[in-house]
Amino acid sequence: MEIPKAYDPSQAEENHYARWESSGFFAPEINEDPNAEPFSIVIPPPNVTGTLHMGHALQHTLMDVLTRWKRMLGYRTLFLVGVDHAGISTQLMVTRQLKKEEHNNPKDIGREAFTAKVWEWKNKYGCEITRQIRREGLSVDWTRERFTMEENLSRAVREVFVRLYEEGWIYRGTRIVNWCPKDKTVLSDLEVKEEKAKDGKLYYLKYPVKSFESRLQPASAAAPPEGGTQNKFITVATTRPETMLGDTAVAVNPEDERYKDLIGKTIALPLTNREIPIIADEYVESEFGTGAVKITPAHDANDWEIGERHDLEKLVIMNDDATMNSAAGKDFEGLDRFEARTKVIEEFEKLGLLEKIEDYDVTLPHCERCKTVIEPLLSEQWFVKMDEMRDLALNLMREEALPHFFPEVPHKKVYTTWLENLRDWTISRQLWWGHQIPAWYDADGNVYVARTKEEAFEQAGTQDLTQDQDVLDTWFSSALWPFSTLGWMSEPGGVATGEFHASDLETFYPTNVLVTGRDIIFLWVSRMVMTGLKFMGEKPFDDVIIHGTVLDKNGQRMSKTKNNGIDPLDVFAKYGVDATRMALAGSATGVDFAWRDERVESFRNFSNKIWNATRFALMNSEGATVQNSPPSEGEVAAASADGVVLSLPDRWISSRLNKTAKAVNRALETYQFHEAVQLLYHFFWDDFCDWYIELKKDEITAGDIESSSRILTILEQALRLLHPFMPFLTEELWQKLPGISNQLHNQAYGKAEQTIMLTTFPTGDDSLIDEAAESEMASVIELITKVRNIRAEMNIKSGDRLAIHVAGLKEIQSIFAANEAQIKKLARADNIVLAEKLEVPKASARAVLTGNAEIAVPLEGLIDFEKERERLQGQIEKLDVELQRLNGQLSNKNFVDKAPEEKVKELRDRKAEIENQSATLGLNLEALN
RNA sequence: GCCGACUUAGCUCAGUGGUAGAGCACUCGCUUCACACGCGAUAGGCCACAAGUUCGAAUCUUGUAGUCGGCACCA
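As a starting point, this report considers the structure included with it.

Cut-offs used in this document
Residues numbered from 1 in each chain as written. Chains lettered and ligands numbered in written order. Predicted model: local features only at pLDDT ≥ 70, side-chain atom pairs only at ≥ 80, totals over all residues. Heavy atoms only, no water. Helix = DSSP H or I, 4+ residues; strand = E, 2+ residues; numbered from the N terminus. Buried < 20%, exposed > 50% of the residue type's maximum accessible area, 1.4 Å probe, protein only. Contact = heavy atoms within 4.5 Å. Areas by Shrake-Rupley, 256 points an atom, 1.4 Å probe, with all protein chains shown as cover. Near = heavy atom within 4 Å. Polar contact = N/O pair within 3.5 Å; in protein donor to acceptor, adjacent residues only side chain to side chain. Pairing = 2+ DSSP bridges. Axes fitted to C-alpha atoms, helices over the stretch in contact; angles between N-to-C directions. Phe/Tyr/Trp six-rings, centres within 6.5 Å; stacked < 30°, edge-to-face > 60°. Lys NZ or Arg CZ within 6 Å of the ring centre and 35° of its normal.

We now examine the overall build of chain A. The helix and strand tally for chain A stands at 30 helices and 30 strands. If you line up chain A on its principal axes, its C-alpha atoms span 120 × 70 × 55 Å. With 929 residues in all, chain A has 53% of them scored as buried. Across chain A, the fraction of contacts at a sequence separation of at least 24, relative to all contacts at a separation of at least 6, is 78%. Of the roughly 41,200 Å² that chain A leaves accessible, carbon and sulfur atoms contribute 47%.

Laid out in structure tokens, this is it:
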């Protein structure tokens, strides 16, 4: 078999995915065991407009590792895939395209034609992200692919809306909301980001108090008014002067002595013809600013509340694009809010009513998507009342402490605290792309909320109804994802992305684990929990893995503005998908980490290492086959009865493999992906390649079929262990192994499919863990390493063969005797002399081994005595440092008295060992003089 | 302002009461018949700082400093 010297990931990546998918390996039905336990994960649906980024790549890898692992363990596994309709971004994208290609606006073509355009766009371009998901190798079930806007999921959305409305958990109300003037829609609190304004200012405006108005002459107002009371004016401070056009009061604290006499008086509001009252409200803090606050109830949340308390007029002075409307007055109508600000200031200046302007640190709400400054605006919207919803989630948290967050700190607390302070959720959006709100209005403005138009007609007793023009927040439909995708409210047939299976909901809900990013805990996780509890009566998942953020190499968050993003597809192309997956899974769960190409590169090298180890095994595999494994205890017994005695390396590697398998399973059970990656890397590279293959090399190249078969058997199991992390490489290599037969396959899978992904995942067999073999191998490794050290330090040419003299107890001698050939090969020696005492020439390099053994390598003519002295001296010094520490600890009476006996004994043994080694080295050193 | 996390080898990060670890980089050697995306051998850290608990602290507690994040913000 011709196998290239270097691994080419792109080949393997092309070879297998299509076959896996078309063979139905990803679908739960592949598991025909009627008793198989289900395991399910739903993908956090990426935006239909989105493209893959590192965050996706990370979370997708973790989910796929879990899924493939569970599938190999025999679970009936569903990894459900799909995308969401991403209301605003999709609408904006299609609008842009419409303008560019057809020079048309959505308004001009109308709602129906526009949504048709969006569907067209979705069908054409919306599969970009799904193509990328295939590229990642995700074992998601494409036959069940979902889309939030498809009919079945939309039916679920309507059902939830109607039921919540009927129970009074959804209401329509007029509130101050977050208005994005660019996107022209309302946003929920979570879609708004507070950010520092670049040059925030605090403007001090003087408002003339009505009683003194007659004395004021606008033209002469530049001169300070003389005499009279000091309260001719009341000065208010504001960061948004333009809103003064909508002021309907000025408020002061009732206890504020400065203003007490003004309460109840009125103000002639400059630039308007309006007269507004001065009111007293506890909300005002006398210490801040001037202690007097302008009140704009239609443009500020706090002001709105004051307005409610004092029954103030709520004057909306802006249009939906944040230009001033007619209520702002003729001079301002049509101006943008920031132009209006400038003009207001100019006018105040002219009137002599601008007291001062101060620099001021102000944080402003920005639209998370388009970065526009949010305008708080009085508006009628639909809301979900959160108090009872929230209690569902909080009770679950208290009673069962679910969901379990991984890592638990800090997410459990953050999540709970957020729930406790939750405010109502604005769910209507002024868009056309999304689930249109199932509410209809009659001519009188009465509302009829219904599942269908027909139901609404029936309720209203008339067909003269208009449906609410708004759609629902995309997160409203995402909140239902874990059950809407599994078929809640679904009906067979109809327009759907994937197939509907009547039993899925029962089988796969609740899902087992959710993997997602921190930023989405509130937006999505909490809402899934609430709706899941409300509508399914059960939590949507037990565990939530919150993965870390992938930062750039300088530890900065990746962002479009900084243009420091790393495209996973580039990384795939350069290093391979599997290497990328390893690098991602190899980061600690939940911890942010700076992306370094060097790290992926090391896993690319790892791929190549495994490739070549397999290549070597195959190059010498004439007649050898993978044996059915792991062998049963009966087979082991039979083998020993046959007089087949496994060699030390064979016993050792088997022990290492089974220990590793156990540890990998343990790590995955607690979502310690990086731990598993570490274990696999170490096993393959250090144990399997550096030691096992090297120790077996002679046997294999000599054509020992037994030996080759053993290597192949170990390799086959190790590949399975690695498969969830590196699916392409492992499949590619596994396919090449000789003797892969049906009996290797997982018993759960009735079909004898030729794929590693349906083989049994090794869980580790205790009976094959062999501590004696591990300790014997440790001695062999120590011996070889010490000799190699001597070679390196003494600059022995690699071609020069040495003799090794070993002195030690019978036990250790017999270990070395049994493995003489291998030791000779790896230490490059042509002779090993075993004895109880060393009898060697003075010109020898010396070293000590654990367990009272020592070695000497005669180097007549090659030894540099000075160097050897330094070498020994260095080793003695190292031992002495440790000895000192041990002595210190053991001479501490408190330690000896209070520490556990075991611990004390351990240190005493260690001390004896070190003293011994140090003494031996000391004698060696003296002998050199 | 409130809450939280982090600070360990040059870099990126594991570890979490009992001898400090990995990968990469560095140094030295190697055309050793799977792999130079390699092999072999080294070197490198008072685990941010200070105090406390303990026989024993990188690990627990408290404080300080720096970095980052979340939440809330008074016009």
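Okay, the protein's contact with RNA strand B next. By nearness alone, 60 residues border RNA strand B, and F288, Y360, T363, R615 and E882 come closest of all. Within 4 Å of the protein, the contacting atoms of RNA strand B are drawn from sugar and phosphate to the extent of 66%. The side chain of Y360 places a nitrogen or oxygen atom 2.4 Å from a phosphate oxygen of RNA strand B. Interatomic distance of 3.3 Å between a side-chain N/O atom of K413 and a sugar or linking oxygen of RNA strand B. Counting residues per element, the surface near RNA strand B draws most heavily on helix α19 (residues 597-619), at eleven residues.

Taking strand neighbours across the sheet as the criterion, the three strands line up as β1-β2-β3 in an open arrangement whose pairing is parallel. Each end of this open sheet is capped by a strand with a single partner; those strands are β1 (38-42) and β3 (141-147). On average, each strand axis in the sheet is inclined to that of its neighbour by 25°, with strand direction left out of account. Bridge count for β1 against strand β2 (residues 76-83) is five bridges, and the pairing is parallel. The partner of S40 across the bridge, within β2, is L78. Each of β1 and β2 touches helix α2 (residues 54-72); the most contacted strand, β1, lies at about 165° to it.

Evaluated as defined, the whole model comprises 34 aromatic pairs. An angle of 80° between the planes, with centres 5.9 Å apart, marks the rings of F683 and F684 as edge-to-face. A single burial state applies to F683 and to F684, both of which are buried. Summarising the aromatic geometry, the rings of F683 and F688 are spaced 6.4 Å apart at their centres and angled 25° between planes, so their arrangement reads as stacked. You can call F683 buried: its relative accessible area is 1%. On the basis of relative accessible area, F688 is assigned to the buried category, the value being 0%. Cluster of aromatic residues (ring-pair linked, three or more members): F603, F606, Y681, F683, F684, W685, F688 and Y692. In this arrangement the basic side chain of R527 is found over the ring face of W425, its NZ or CZ atom lying 3.8 Å from the centre.

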